[in-house]
Amino acid sequence: MSYQINTNSPTQQVYLNSLNCKSRFPAYTFELSTRIRPPISQKLLISLHEFTIPNILNNVTIYNNKLSFYENNNSKFTIEIPVGIYSVITFRDLLNAVFINLGFNIVCVYVHNQFKLTFVSTNPLSIINEVGYETTCGRLIGASKSGANEYIYPVLGTTLPSYTVALPNTVDFRGTPFFFLKIQEILTTNINSIGSQSNIFARVPVNAGLGQVITHRPTETTKFLLNQPSLSSLTLELEDEFARPLDIGSAEIQAVLNIQFMYPQEEREVDEGTIPHFFRKLKRKEMDDDDEEAEFGE
C-alpha cells in the first residue's frame, strides 16, 4: 500500500543477520537493544528493502518423500526417501538401490529425451496412494492431475514388452519456486490463493541456482502501517509455497527493513461517498444550523 510520508523524520534501516539472532528454531527471533519508536504523534511504516538466503533448499522434504507400489497383485510397500537435495539421476539411483535391497525385480529408468520416469518390473506393478501406503512425490515423479487439481492414482502398468509403469508428465525437481516471509510482530491483511488472510510480509522468489545466494529486492515497495507504538523484537518465519515451515537447516539469513514515519491520516467514515452518508451529513448540517439560530435567538 502507498502512504504519503508527511514528516521530516529520517528513514531508518534495520539490518537483521541470523548470526546475531537470539534463537533460530522454530523461527528466527531478534531482540533489539534499541527499541524502534516513532516520534510523538507519528506512526511506524515498515517495508522490506532486501532479503538474502543461500539456496540450499531441499527439494525432497518430509512432505513429498513417500512413494508406494502395488506389486505382483498381492504386495504393497512404501519407500521413504531421505530428506535432501536430489537431481533426477541421484533420485533414480537411490530408488534402484532400494529395490535391490528389498529384493524386488523393479528398475527405475529415466528417459532423457522425454524427461520422464518409468518403472520396469518382471511382475505386475502400479503406483498407489492409499491409507498406510501414501505417495506424496507426485510432482517430483511426474504424476498427472485431475480437473479437481488432485494427483491421479493408481498409475497402472502395462504388459508390453514387460510390466512397465510410465509416468505421464515430466519430472519436476525444482523444489519450492518461491517462499513466504512472515514477521510475527507485524499483522498484514494479505490474501493467499484460497482467499484466506495469511499475514504474509513478503513473497521471495527462488532466483538462484543451488549453492548460490537468493537475493530479493522488491521492485515495488509495499509499506505496512503499524498500530503498535514501538518494536522491541522481530520474529521471522519462512514458509514454502504451501504455507508449510521451510526447512533450511542451519542456513544464515539476512534482511534489511526500512522504517519510516508518518502522521496519521484524517479518518473517514466507512460509508463516505454513499447516498446514506450524504443525507446523514446533510441532516447533521441542518441540526447545526438550527443550533446556531437558537443560540442567537433568531
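Residues numbered from 1 in each chain as written. Predicted model: local features only at pLDDT ≥ 70, side-chain atom pairs only at ≥ 80, totals over all residues. Heavy atoms only, no water.

(A) Layout of the nonpolar core. Residues Phe51, Phe201 and Leu236 are the most contacted members of the largest nonpolar core, which totals 36 residues. When residues of this core are traced back to their parent elements, those giving at least two are strand 1 (12-17), strand 2 (28-36), strand 3 (43-54), strand 11 (178-183), strand 12 (202-205), strand 14 (224-226), strand 15 (231-239) and strand 16 (254-262). Sorting elements by how many residues they give to this core places strand 3 first, with 5 residues. Counting residues in hydrophobic clusters, the runner-up holds 29 residues, among them Val60, Tyr86, Val88 and Tyr153. (Core = buried A, V, L, I, M, F, W, Y, C linked by side-chain atoms within 4.5 Å. Buried < 20%, exposed > 50% of the residue type's maximum accessible area, 1.4 Å probe, protein only. Helix = DSSP H or I, 4+ residues; strand = E, 2+ residues; numbered from the N terminus.)

(B) Geometry of the side chain of Lys223. Mapped onto the elements of the fold, Lys223 is located in the loop between strand 13 (213-216) and strand 14. This buried residue, Lys223, is left without a salt bridge; Glu220 holds the nearest opposite charge, at 10 Å. Here the side chain of Lys223 touches Gln260 through a polar contact of 3.1 Å, side chain to side chain. (Lys, Arg positive; Asp, Glu negative; His and termini not counted. Salt bridge = Lys/Arg side-chain N within 4 Å of Asp/Glu carboxyl O. Polar contact = N/O pair within 3.5 Å; in protein donor to acceptor, adjacent residues only side chain to side chain.)

(C) Focus on the sheet that holds strand 8 (residues 125-128). In spatial order, the strands read 5-4-8-9; together these 4 strands make up an open sheet with antiparallel pairing. The open sheet terminates on both sides in strands that have one partner only, identified here as strand 5 (75-80) and strand 9 (155-156). Across 6 bridges, the pairing between strand 4 (residues 66-71) and strand 5 is antiparallel. Each bridged residue has a counterpart across the sheet, and for Ser68 the counterpart in strand 5 is Thr78. Across the sheet, helix 1 (residues 88-102) is in contact with strand 4 and strand 5; its angle to strand 5 comes to roughly 135 degrees. (Pairing = 2+ DSSP bridges. Contact = heavy atoms within 4.5 Å. Axes fitted to C-alpha atoms, helices over the stretch in contact; angles between N-to-C directions.)

(D) Just the packing of aromatic side chains, in detail. Tallying each qualifying case throughout the model produces 10 aromatic pairs. Ring centres 4.1 Å apart and planes at 10 degrees place the aromatic pair Phe77 and Phe104 in the stacked group. Placement of Phe77 in strand 5 and of Phe104 in the loop between helix 1 and strand 6 (106-111) is noted, with a sequence separation of 27 residues between them. Each of the two residues, Phe77 as well as Phe104, counts as buried. Here the aromatic rings of Phe178 and Phe180 are separated by 5.5 Å at their centres, their planes lie at 70 degrees, and the arrangement is edge-to-face. Here a set of aromatic residues connected by ring pairs shows up, and it is made of Phe69, Phe77, Phe99, Phe104 and Phe119. The ring of Tyr70 carries the charged tip of Lys76 above its face, separated from the ring centre by 5.9 Å. Seen from the ring of Phe178, Arg203 lies directly overhead, with NZ or CZ sitting 3.8 Å from the centre. (Phe/Tyr/Trp six-rings, centres within 6.5 Å; stacked < 30°, edge-to-face > 60°. Lys NZ or Arg CZ within 6 Å of the ring centre and 35° of its normal.)

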